Amino acid sequence: MISADLMATPFGRIALVCIIAVLAIAGVTWFSLDQPYLEISLEHGSDLTISSRVGSIVLEPRDLTAEPSEFIDDNIIRRFYQRQDRLAKIIAEDEITLETAGQRRVVSPRPRTLSDLPLIYWAQILTAIGSLAISGWVWSLRPRDLPSVLFALSGLSLCISALAAAIYSTRVLALPEHLFRSLNAINLIGAYGFGIAMLCLFLIYPTRLKGWRILLPGTVIMFLAWGTVATLSLLNILLFLPAAYGPNLIMLSEMIAICFAIAAQYFANRQKPAEKAVLIWFGLSVMIGAGAFIALTATPMIFGSDAFILEQGYAFLFFLIIYVGLAAGLRRYRLFDIGEWGFRIVFYMAGIFLLVALDALLVFILSLDRFPALGISLLLVGFLYLPLRDLLWRRLVNRSPLKEHELFHEVIDVAFETTEDKRADRWITLVRRIFAPLEWHEREQTADVPMLKEDGLALEIPAIAGLPGLYLRYPWNGRSLFGTSHLNLAQQLFQLMTHVENSRGDYEKGVAEERQRIARDMHDNIGAQLMSALHNRDSSRKDAMIRETLTDLRDIINDHSRPVLTYEEALADLRLEASERLAAAGIELDWFIDVEGTLLVNPRIVHGLRSIIREAISNILKHSGARKVSVALNFSDTGYSVKISDDGTGLSQIPGKGGNGLENMHTRVTALGGILEFPETKSGVTLHIKLPPLLERLSL
């Protein structure tokens, strides 16, 4: 059994529909095979005497009538059922005598097999399966939607009607009167139910007509009462309604009412393209399918014909136009708003059904063993059905021609075009490539997010950061309407484009800020240093200043990709540079860093520290004669200090004491608000720099 949780899912509901269909068809087929079978049938004609132990009867042409509804005279109908009952009793015996044209033979009825069932039987079974499966599929996806429920009721009613007719219209000569009348009544009840359900459906779909709350129950009550009286008369329970005013007139009246409802819907939706498209497709399917059945069966009898134009069993096939037409129009016109997931369910169910059907055919018809039959079935499904399923999926389900990663690359290309005009052109090209609309135009923004318009006929995509808003109509070259999946795709595209545009704005802002920083540093530092070098008369000092300026220029450019660093990161490259310079002169470097917490360094201070330490190292190399240099850095919330010590000749022996090198260091320290000191030492020189806490703590 199907659990309640599974029944809450579309798959569970459609599985229930399939189980009901299989059980109903199996029951009808068993009932049809349970009849005694003679080597004669309704196609053998009359002028035949059939006799057995219980009596004899001469066949008349009316005895061979497949559908009692062909009779509109009450006396003829009663006599037909009486003769059917008598025939059924005669052929139920073990031995039956057949006599015609002076020839006499005795036959014994044998069990009926599947191969004995005529083609018209399978035509009615196909109609029952098709109507129940497609209408049940629609209901399983939208079980609480009134139009879907009414459509499902129409399919169920047609299935009941076709299955009952399949039994009695392909009988072996006769059925007992009570069974025949009951089956015919079930057939007509199903036919009445189909008409009522379709009429109610067109009262509310695609638009609910004015007064539908009165028309719908009124329609149900009127035709239900009429059909009930006709059915009771057929069952010989209430002889009140003449046959002339019974089944055929009821079905014709329902068809006329359906046509009026379709016309009213067309008038109500004449200004609504989407609803009108749905109505034309679905309405024409119903008018052609049901209309052809009524025209070929019920109508001729009302106007005095003595037989149907086409046998009812084959006329049932016209109803498949309704359900096959609906299946074909589901994607194009969004009938009942079935989504892509609905097609996935039906494709999976079709695969399972095909596998089971092939396996049963190979086992029961071709008498193959179970395991080879299952293997062959799997092979056939894999090589035939799966490629066909993929083809149908591509035809029925409209998808973007771009995959997700391709869509991302296309959006990136749009965002980083060089000019706004080029970006706008490329954006329009991308959207048109994805949705292929027949009509499109730029539109001022009226919404903040993509929205479906005109009930799926159009899609609006708002403007994005300088890109134009777009209004698309008739997607995929007019072969479909926009659905929920297409709206989701448009929203994904819109969000991706918005994110990329914001990122591009941040990127351009960062570029502008970095340009301003470089320009400011070049103006404040490089320009001043070049002017100082230009006016310096000492050529050696001028060369040194130019070299320092080039070094500073390199530092300014290097800061492009790292405007804010931690203390260790900011001075790591300087440590390497100092170590290499001192090592080339045979001087050992000890580098100590003491950092309290994790702090961020102001780029301006980092730039000053580099210049100061470089200058100090240059002085040591030129004048100290030292063999060892120590650089100690302390960084805390209260400020930080730099101590540079060597074991050289000492400050008093430095040539050019108080020269430009020391002056430049003093100037840079002062500019940073710090103090430059030379504490006394036993040997060498110690340089001590103290700076205030101008650094910001890193938030962790």
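Taking an unreviewed UniProt entry as the reference, the protein chain is identified by name as Histidine kinase belonging to Emcibacter nanhaiensis.

## What to know about a nonpolar patch on the surface
On the surface, Tyr266, Ile280, Leu284, Met287, Ile288 and Ile321 cluster together into a nonpolar patch covering about 510 Å² of accessible area. For the nonpolar patch, the element with the highest residue contribution is helix α9 (residues 273–296), accounting for four residues. Counting through the fold element by element, isoleucine 321 comes out in helix α12 (residues 319–333). Looking at isoleucine 321, the relative accessible area reads 33%, which means it is partly exposed.

## Observations regarding empty space enclosed by the protein
Scanning the entire structure with this criterion turns up three cavities of 30 Å³ or more. Its volume calculated, the largest cavity comes out at about 180 Å³. Ala191, Met251, Phe293, Ile294 and Phe319 are the residues nearest the centre of the largest cavity, which is lined by 21 residues in total. Listed by contribution, the elements that provide at least two residues to the lining of the largest cavity are α5 (146–169), α6 (177–204), α8 (247–268) and α9. Considering only residue class, the lining of the largest cavity consists of 13 nonpolar, seven polar and one charged.

## Some words on the sheet that holds strand β3 (residues 55–58)
An order of β3-β2-β4-β5 is seen for the four strands of this open sheet, with the pairing classed as antiparallel. Edge positions in the sheet fall to β3 and β5 (103–107), since each of these pairs with one other strand and no more. Averaged over neighbouring strand pairs, the angle between their axes works out to 15° when direction is ignored. Where strand β2 (residues 49–52) lies against strand β4 (residues 96–100), three bridges are found, and the strand directions are antiparallel. Each residue of the ladder has a partner; that of threonine 49, found in β4, is glutamate 99. Sheet strands touched by helix α3 (residues 74–91): β2, β3 and β4. Its angle to β3, the strand with the most contacts, is close to 130°.

## Observations concerning unusual backbone geometry
Of note, the bond from tyrosine 205 into proline 206 is cis; its omega dihedral lies within 30 degrees of zero at 5°. Here the phi dihedral of leucine 173 falls at roughly 70°; this positive angle occurs in a residue that is not glycine. Note that leucine 173 resides in the loop between α5 and α6. Given the relative accessible area of 2%, leucine 173 is considered buried. Notably, alanine 436 is not glycine yet its phi reads approximately 45°, a positive angle. Examined against the element boundaries, alanine 436 turns out to sit in the loop between α16 (420–435) and β7 (439–443).

## Description of helix α7 (residues 212–234)
What sets the pattern is the α-helix's 3.6 residues per turn: residues three or four places apart point alike. In this model α7 runs 32 Å from its N-terminal to its C-terminal C-alpha over 23 residues, within 8% of the 33 Å that 1.5 Å per residue would give. Those residues of α7 not exposed but buried are Trp212, Leu216, Thr219, Phe223, Gly227, Ala230, Thr231, Ser233 and Leu234. For α7, the elements touching its buried residues are α3, α5, α6 and α8.

## Some words on the environment of isoleucine 91
Here isoleucine 91 shows up in helix α3. For isoleucine 91, the contacting residues outside a window of four places in its chain are Pro36, Leu38, Ile50, Ile96, Pro109, Val172, Leu173 and Ala174.

## With respect to the environment of lysine 210
Structurally, lysine 210 is set in the loop between α6 and α7. Take lysine 210: its relative accessible area is 83%, and that puts it in the exposed class. When the C-alpha positions of lysine 210 and alanine 268 are compared, they lie 9.1 Å apart, and in sequence the two are 58 residues distant.

## Focus: the side chain of aspartate 85
Note on placement: aspartate 85 falls in helix α3. On the accessibility criterion, aspartate 85 (17% relative accessible area) is buried. Once you skip the residues sitting within four places of it in the chain, aspartate 85 turns out to touch Leu175, Pro176 and Glu177.

## Some remarks on the nonpolar core
Counting residues in each nonpolar core, the largest one holds 70 residues, and the members touching the most others are Met198, Phe202, Phe282 and Ile322. It is α6 that contributes the most residues to this core, 16 residues altogether. Setting aside anything within four residues of it in sequence, one finds phenylalanine 202 in contact with Leu209, Ile258, Ala261, Ile262, Gln265, Leu279, Phe282, Gly283 and Val286. Formed by 29 residues, the second largest nonpolar core is a distinct cluster that contains Leu571, Trp591, Ile613 and Leu687.

## Structural notes on the pattern of salt bridges
Applying the stated criterion across every chain yields a total of 12 salt bridges. A salt bridge links glutamate 410 to arginine 433; its shortest N-O distance comes to 3.4 Å. Within this pair, whereas glutamate 410 is found in helix α15 (residues 404–415), its partner arginine 433 is found in helix α16, the two being separated by 23 residues in sequence. One network of salt bridges, with partners in common, ties together Glu60, Asp63, Arg79 and Arg83.

So, how was this worked out
- Residues numbered from 1 in each chain as written.
- Predicted model: local features only at pLDDT ≥ 70, side-chain atom pairs only at ≥ 80, totals over all residues.
- Heavy atoms only, no water.
- Patch = residues over 30% accessible without salt bridge, like charges linked within 9 Å, V, L, I, M, F, W, Y side chains within 5 Å.
- Areas by Shrake-Rupley, 256 points an atom, 1.4 Å probe, with all protein chains shown as cover.
- Salt bridge = Lys/Arg side-chain N within 4 Å of Asp/Glu carboxyl O.
- Helix = DSSP H or I, 4+ residues; strand = E, 2+ residues; numbered from the N terminus.
- Buried < 20%, exposed > 50% of the residue type's maximum accessible area, 1.4 Å probe, protein only.
- 1 Å grid on protein atoms, 1.4 Å probe; cavity = no way out; pocket = protein on both sides within 12 Å on 5 of 7 lines; lining within 4 Å.
- Points joined across faces, edges and corners; volume = space filled by probe spheres on them.
- Nonpolar A, V, L, I, M, F, W, Y, C, P; charged D, E, K, R; others polar.
- Pairing = 2+ DSSP bridges.
- Axes fitted to C-alpha atoms, helices over the stretch in contact; angles between N-to-C directions.
- Contact = heavy atoms within 4.5 Å.
- Expected span 1.5 Å × (residues − 1).
- Core = buried A, V, L, I, M, F, W, Y, C linked by side-chain atoms within 4.5 Å.

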